[in-house]
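# Overview (structure and organization)
Okay, here's what each chain looks like letter by letter:
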Amino acid sequence: MSKTISGFSKLSKNKKIDWIVSTYFPDSNEAKNIIKQYWSSDEKLQKLHDEFIENTITNYYLPFGVAPNFLINGHPYTIPMAIEESSVVAAASKAAKFWLERGGFKAEVISTKKIGQVHIIYKGSGEALFSFFEELKPKILDETKPLTKNMEKRGGGILSVKLIDKTSELENYYQIHAEFDTRDAMGANFINSCLESFANTLRREAKTFKQFEDETIYPKVVMSILSNYVPECLVRAEVSCNIDLLQEGEISGQEFCERFVQAIKIAEVEPYRAVTHNKGIMNGIDAVVLATGNDFRAIEAGVHAYASKSGQYRSLTHVNVENNIFKFWIEVPLALGTIGGLTSLHPLVKLSLEMLHRPNAEELMEIVAVAGLAQNFAAIKSLVTTGIQKGHMKMHLMNILNQFGATEEEKSILIPKFQDIHVSHSAVSEALNKMRE
């Protein structure tokens, strides 16, 4: 039966495991064996993983795959991808090979601004608050100099700071809205440290500002935090070719183009389709973000907000056909880093970045955007030709066989058998049972 515990975080890892398995599992030995079989035999490496988060009891593995043959801005790449979903890496690789023979991908970073805010509640005169901010601004910038010194040496730092009146949306609500350039760092710690410094200076200076009549109307800081919505940390990736080069089997380039364009247009206007459409894009983006030690939850939140910027959730990718040239592109906000955090700690993250020729943050933005575009191209290509399930279920066959405990001999017989028939759990189960009779 479940129960609560005090002082859990102070227990050793082994004692944490003992409590977990004895509390939640009828077979505590089996549960403990599963937990421990995922430990690294390298004690130093395991200790490193243990200290990434709190209350660690084991490691959770995701497959780490690679998608070769990407040509981006004239340079070849093999892209690392960490993801559990079958067919994603295969689809990315197939799209990479398709466009390798048609000029490859082009990508460019449009802007790299990141946002942070100090959220304020103020019940007094707005005019007084703006007068106060004019006096406050040089002081908050001066007092963050120890924090921004090294970032400024790398060409980054605080780009702008302004006070915004949001009282029309929420009573008594104002914000200090700041823009940052964090260069090759994702920059969360840098931004949050600057914002908290802003807030501390505000609290102190408010007490001596003459236009604040008494302490009951001093501006009150609610919180100081970066935003994961970064619509001006934007990257574009695209592919293009003559329509005739889009021929797919017996489907002419013209017909394929028409089907593809219609599929994208539907995702631009129909939110139910757009969500699934963009999920496929994020299959590619998240897999590379994870492999390179970046925060995929932050990327997801920012990307989906960007997809809704018009007031309706829409496709992140777009298509145009002009003068017989097919052009397919994505513009997506990606706040990524190649220094700091896990990038200097996790051995596989370091391996991933080395595989990508040690990119700076802007180069990584381009690579990740390309992965998303490639994933979407592969998905739409399947949808408008053979259908999504044919390729996906073929890739899923191995998972089904493993689920039923198929031997290597059984796999060698059944994999060819299912090349030309529909893959389903029931069909695989029936075929296995017949073999085992």
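As a starting point, this report considers the structure included with it. The written sequence of each chain sets the order in which its residues are numbered from 1. Two thresholds apply to this predicted model, a pLDDT of at least 70 for residue-level local features and 80 or more for giving and counting side-chain atom pairs, whereas whole-chain, interface and lining totals are computed over all residues. Water and hydrogen atoms were dropped before computing side-chain values, which therefore reflect all heavy atoms in the structure.

## A word on the packing of helix α8 (residues 253–269) against helix α9 (residues 271–291)
Between two packed helices, both the angle of their axes relative to each other and the distance between the axes serve to describe the pair. Across the interface, α8 lies against α9 with an axial gap of 6 Å and an inter-helix angle of 110 degrees. Comparing their axes, α9 and α8 come out roughly perpendicular. Relative to α9, α8 is oriented so that their crossing is left-handed. Residues Ile264, Ile266, Ala267 and Val269 of α8 touch α9, and the partners they reach there are Pro271, Arg273, Ala274 and His277. An axis is simply a line fitted to the C-alpha atoms; with a helix, the fit covers only the stretch in contact. Between two such axes, the angle follows the N-to-C directions and lies from 0 to 180 degrees. Only DSSP runs of H or I reaching four residues or more are called helices, and only runs of E reaching two or more are called strands; each is numbered from the N terminus. By the definition adopted for this analysis, an angle is roughly parallel if under 35 degrees, roughly antiparallel if over 145, roughly perpendicular if from 65 to 115, and oblique otherwise. Take the far helix as your reference; a near helix turned counterclockwise from it by less than a right angle gives a left-handed crossing, and one turned clockwise gives a right-handed crossing. Two residues form a contact once any of their heavy atoms are found within 4.5 Å.

## Brief notes about a nonpolar patch on the surface
For patches, a residue must show more than 30% relative accessible area and have no salt bridge; joins then use 9 Å for like charges and 5 Å for nonpolar side chains, namely Val, Leu, Ile, Met, Phe, Trp and Tyr. Where accessible areas are quoted, they stem from the Shrake-Rupley method and a 1.4 Å probe; at the residue level, only the protein chains shown are allowed to cover. Any Lys or Arg side-chain nitrogen found within 4 Å of a carboxyl oxygen on Asp or Glu counts as a salt bridge. Side chains of Phe64, Val66, Leu348 and Leu351 sit close together on the surface and give an oily, nonpolar patch of about 300 Å² of accessible area. Counting only elements with at least two residues in the nonpolar patch, the list comes to β1 (64–72) and α11 (347–355). Relative to the helices and strands, Leu348 is located in helix α11.

## Points about α9
A helix is expected to span 1.5 Å for every residue after the first. Over its 21 residues, α9 runs 29 Å from end to end, which matches the ideal 30 Å to within 8%, given 1.5 Å per residue. What the bend at a residue measures is the angle between two axes, fitted to the seven residues ending there and to the seven starting there. The largest bend in α9 amounts to roughly 30 degrees and is located at Met282. Any pair of nitrogen or oxygen atoms within 3.5 Å is treated as a polar contact; in protein, a donor-acceptor pairing is required on top of that, and neighbouring residues in sequence qualify only through side-chain atoms on both sides. Sitting at the head of α9, Glu270 places a side-chain oxygen 2.8 Å from the backbone nitrogen of Tyr272.

## Regarding the pattern of salt bridges
Overall, the coordinates contain 20 salt bridges when judged by the stated rule. Residues Arg102 and Glu101 are paired through a salt bridge, measuring 3.8 Å at the closest nitrogen-oxygen approach. The cut-offs for exposure are 20% and 50% of the maximum accessible area for each residue type, with area from a 1.4 Å probe on protein chains only; residues under the lower value are buried, those over the upper are exposed, and the others partly exposed. Exposure remark for Glu101: the relative accessible area of 56% places this residue in the exposed category. Between Lys166 and Glu169 there is a salt bridge; the shortest N-O distance is 3.4 Å. The network of salt bridges with common partners includes Lys139, Glu143, Arg204 and Glu205.

## A few points about the sheet that holds strand β4 (residues 114–121)
Overall, antiparallel pairing links the four strands, which are arranged β5-β6-β4-β7 in an open sheet. Bordering the open sheet on either side are β5 (157–165) and β7 (220–226), each of which pairs with just one other strand. Between one strand axis and the next, the sheet turns through 15 degrees on average, direction left out of account. Two strands are said to pair when DSSP picks up at least two bridges between them. As paired elements, β4 and β7 share six bridges and run antiparallel to each other.

## Some remarks on the sheet that holds strand β10 (residues 325–333)
The strand order across the open sheet built from four strands is β3-β8-β10-β9, with neighbouring strands paired in antiparallel fashion. Two strands bound the open sheet, and with one partner strand each, they are β3 (106–112) and β9 (317–322). Taking the axes of each pair of neighbouring strands and ignoring which way they run, one obtains an average angle of 20 degrees across the sheet. Taken together, the nine bridges between strand β8 (residues 233–242) and β10 define a ladder with antiparallel strand orientation. When the bridges of β10 are listed, Leu234 appears paired with Pro333. Packed on one face of the sheet, helix α10 (residues 296–307) meets β8 and β10 and runs near 120 degrees to β10.

## Quick notes on helix α14 (residues 408–417)
Each full turn of the α-helix corresponds to 3.6 residues, which orients residues three or four apart in the same direction. Listed as buried for α14 are Glu410, Lys411 and Leu414. Buried residues of α14, seen end-on, are gathered within an arc of 95 degrees and therefore sit on one face of the element. In α14, the exposed residues that point more than 90 degrees away from the buried face are Glu408 and Glu409. The directions considered for the arc run from the helix axis to the C-beta atoms.

## Quick look at the environment of Lys434
Mapped onto the secondary structure, Lys434 falls in helix α15 (residues 425–436). Relative accessible area serves as the criterion here: at 55%, Lys434 is assigned to the exposed category. Between the C-alpha atom of Lys434 and that of Asp142, which follows or precedes it by 292 residues, the distance is 77 Å.

## Considering the packing of aromatic side chains
Pairs were defined over the aromatic rings of Phe, Tyr and Trp, the Trp ring being its six-membered one, requiring ring centres within 6.5 Å. Orientation was assigned from the angle between planes: stacked under 30 degrees, edge-to-face over 60, tilted for the rest. A complete count under the given rule lists 23 aromatic pairs for this structure. Ring centres of Trp99 and Phe377 lie 5.3 Å apart, and the angle between their planes is 70 degrees; this geometry places the pair in the edge-to-face category. Of this pair, Trp99 sits in helix α4 (residues 88–100) while Phe377 sits in helix α12 (residues 361–383), and the two are 278 residues apart along the sequence. Under the relative-accessibility criterion, Phe377 is labelled buried at 1%. Judged by centre distance (6.4 Å) and plane angle (55 degrees), the rings of Phe212 and Tyr218 are tilted. For Phe212, a relative accessible area of 5% translates into the label buried. The class for Tyr218 is buried, based on a relative accessible area of 17%. Over the ring of Phe98 we find Arg102, and its NZ or CZ is 3.6 Å from the ring centre. Here, a charge over a ring is recorded when the distance from Lys NZ or Arg CZ to the ring centre is within 6 Å and its angle to the ring normal is within 35 degrees.

## Regarding the pairing of β9
By the bridge criterion, six bridges tie β9 to β10 in an arrangement that is antiparallel. Looking at β10, one finds that Val321 is bridged to Phe326. Between β9 and β10, which pair antiparallel one after the other, the connecting turn spans two residues, and Asn323 there sits at a positive phi close to 55 degrees.

## Things to note about the state of the cysteines
Criterion for a disulfide: a pair of cysteine sulfur atoms within 2.5 Å. Summed over the entire model, instances satisfying the criterion amount to zero disulfides. The closest cysteine sulfur to the non-disulfide-bonded Cys241 is located on Cys257, 8.6 Å from its own sulfur. Residue Cys257 is classed as buried on the basis of its relative accessible area of 3%.

## Thoughts on the side chain of Thr317
Inspection of the secondary structure assignment puts Thr317 in strand β9. What Thr317 contacts, discounting residues up to four positions off in sequence, is Ile264, Glu268, His277, Ile281, Phe328, Trp329, Ile330, Leu373 and Asn376.

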